[in-house]
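# Descriptive structure summary
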Amino acid sequence: MLSEEDYAKVAKEALHQYPIYWEKLVYLGKSDNVTFQVQTNDDHQKFLIKIHISTISIQSKGNIASELIWLEALVKDTNLVVPAPVRNLQGDLVTEISTDLSENTIMVTIHHWIHGSVLQREPTSNETENLALLMAALHKHSMHWNAPEGFNRPIYNSDHLYSSLNQLKRLVNLELISSEVFVHVEESAHKIANVIQNYKRLPSNWGVIHSDLHESNYVFYDDTPQPIDFRIVAMAFIYLIWLKHFCIFHLIIGKYLFHRIAK
């Protein structure tokens, strides 16, 4: 397993392949990616470097590049502030690094840094309205954007819903939720899956979605929300995906609180 210092070496090696004059790397954290903030002599020009370490299929080179292709399209076609990717000196979105530190080639991407901060409170009515406008702008672009040939992202359909349901069932075995709660979740999932299976795919309802736009994945700059972390971008029914997450989340929380209070 690589250390923070090892990942910093990988980041520095990758930076040689970009038109960026950098001064300092600041380690941010590790999950599916190892991330560093890239600082320059201009405080207004920073970058985010991602070292892709997950072995799941969504982290293949083609999948990663497809995420960045949509980001480039959003920059070109809208006024949204998103983490625009930086192409390397060869014009590629994904840089592959070979190093003695790893048996496998390591994939690296760089994005422009998004300035702002995560809200640590409930949003105001004005901020909530701006969040709704952000979602609408993302959905509008998705409806009208023609993904290029080779665009490859996960598909959120009924199969994906049932896969998520099976993962959720593990919480019953771990006694984190009761079997009674899971029954309600399962019933709702079957109803949503039935709608998805019978829904006709049209440009107006099917397209690319952010898929993870929770409160930690957008930052506010003044009153303007700016989306970040597009790593699980997927193809889905644009509005039904929100219904799925909303229903399952509130069923779990509501039933959990009910049983806790009842005890």
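Scroll up a little and you will see the structure.
Residues numbered from 1 in each chain as written. Predicted model: local features only at pLDDT ≥ 70, side-chain atom pairs only at ≥ 80, totals over all residues. Heavy atoms only, no water.

## Description of the nonpolar core
Heads up, the condition is: The term nonpolar core refers to a set of buried residues drawn from Ala, Val, Leu, Ile, Met, Phe, Trp, Tyr and Cys, joined through side-chain atoms within 4.5 Å. Working definition: with a 1.4 Å probe on protein chains only, accessible area under 20% of the residue-type maximum means buried, over 50% means exposed, and in between means partly exposed. Strands here mean DSSP runs of E at least two residues long; helices mean DSSP runs of H or I at least four residues long; both are numbered from the N terminus. Contacts are assigned to residue pairs with any non-hydrogen atoms lying within 4.5 Å of each other.
The biggest cluster of nonpolar side chains holds 37 residues, and the ones touching the most others in it are Trp 70, Val 208 and Phe 230. Taken together, the elements giving at least two residues each to this core come down to helix H2 (61–77), helix H3 (125–144), helix H4 (158–173), helix H5 (179–198), strand S7 (206–209), strand S8 (218–221) and strand S10 (234–237). With residues up to four places along the chain from it excluded, the contact list for Val 208 reads Trp 70, Ser 142, Trp 145, Phe 151, Val 233, Ala 234 and Met 235. Grouped together as the second largest cluster of nonpolar side chains are 21 residues, Ala 14, Tyr 18, Ile 20 and Ile 49 included.

## Looking at the pairing of strand S3 (residues 46–52)
This is how it is decided: At least two DSSP bridges between two strands are required for those strands to pair.
S3 sits mainly inside the fold: seven of its seven residues count as buried. Residues Lys 46, Leu 48, Lys 50 and His 52 line one face of S3 and the alternating positions Phe 47, Ile 49 and Ile 51 line the opposite face, and both faces are buried. Pairing of strand S2 (residues 33–39) with S3 involves seven bridges; the strand directions are antiparallel. What sits directly across from Gln 39, in S3, is Lys 46. Hairpin connection, S2 to S3: the antiparallel pair is bridged by six residues. Bridge count for S3 against strand S5 (residues 106–112) is six bridges, and the pairing is antiparallel. Within S5, the position partnered with Phe 47 by the bridge is His 112.

## Considering the sheet that holds S2
Test applied: For helices, the fitted line uses only the C-alpha atoms of the stretch in contact; every axis is such a line through C-alpha atoms, and the angle between N-to-C directions lies from 0 to 180 degrees.
Strand order in the open sheet made by the five strands is S1-S2-S3-S5-S4, with antiparallel pairing throughout. This sheet does not close on itself; its edge strands, each paired only once, are strand S1 (24–30) and strand S4 (95–97). Each neighbouring strand pair of the sheet contributes to a mean axis angle of 30 degrees, computed without reference to strand direction. Where S4 lies against S5, three bridges are found, and the strand directions are antiparallel. Bridge pairing in S5 links Ile 97 to Ile 106. Against the sheet, H2 engages S3, S4 and S5, with an angle of about 10 degrees to S5.

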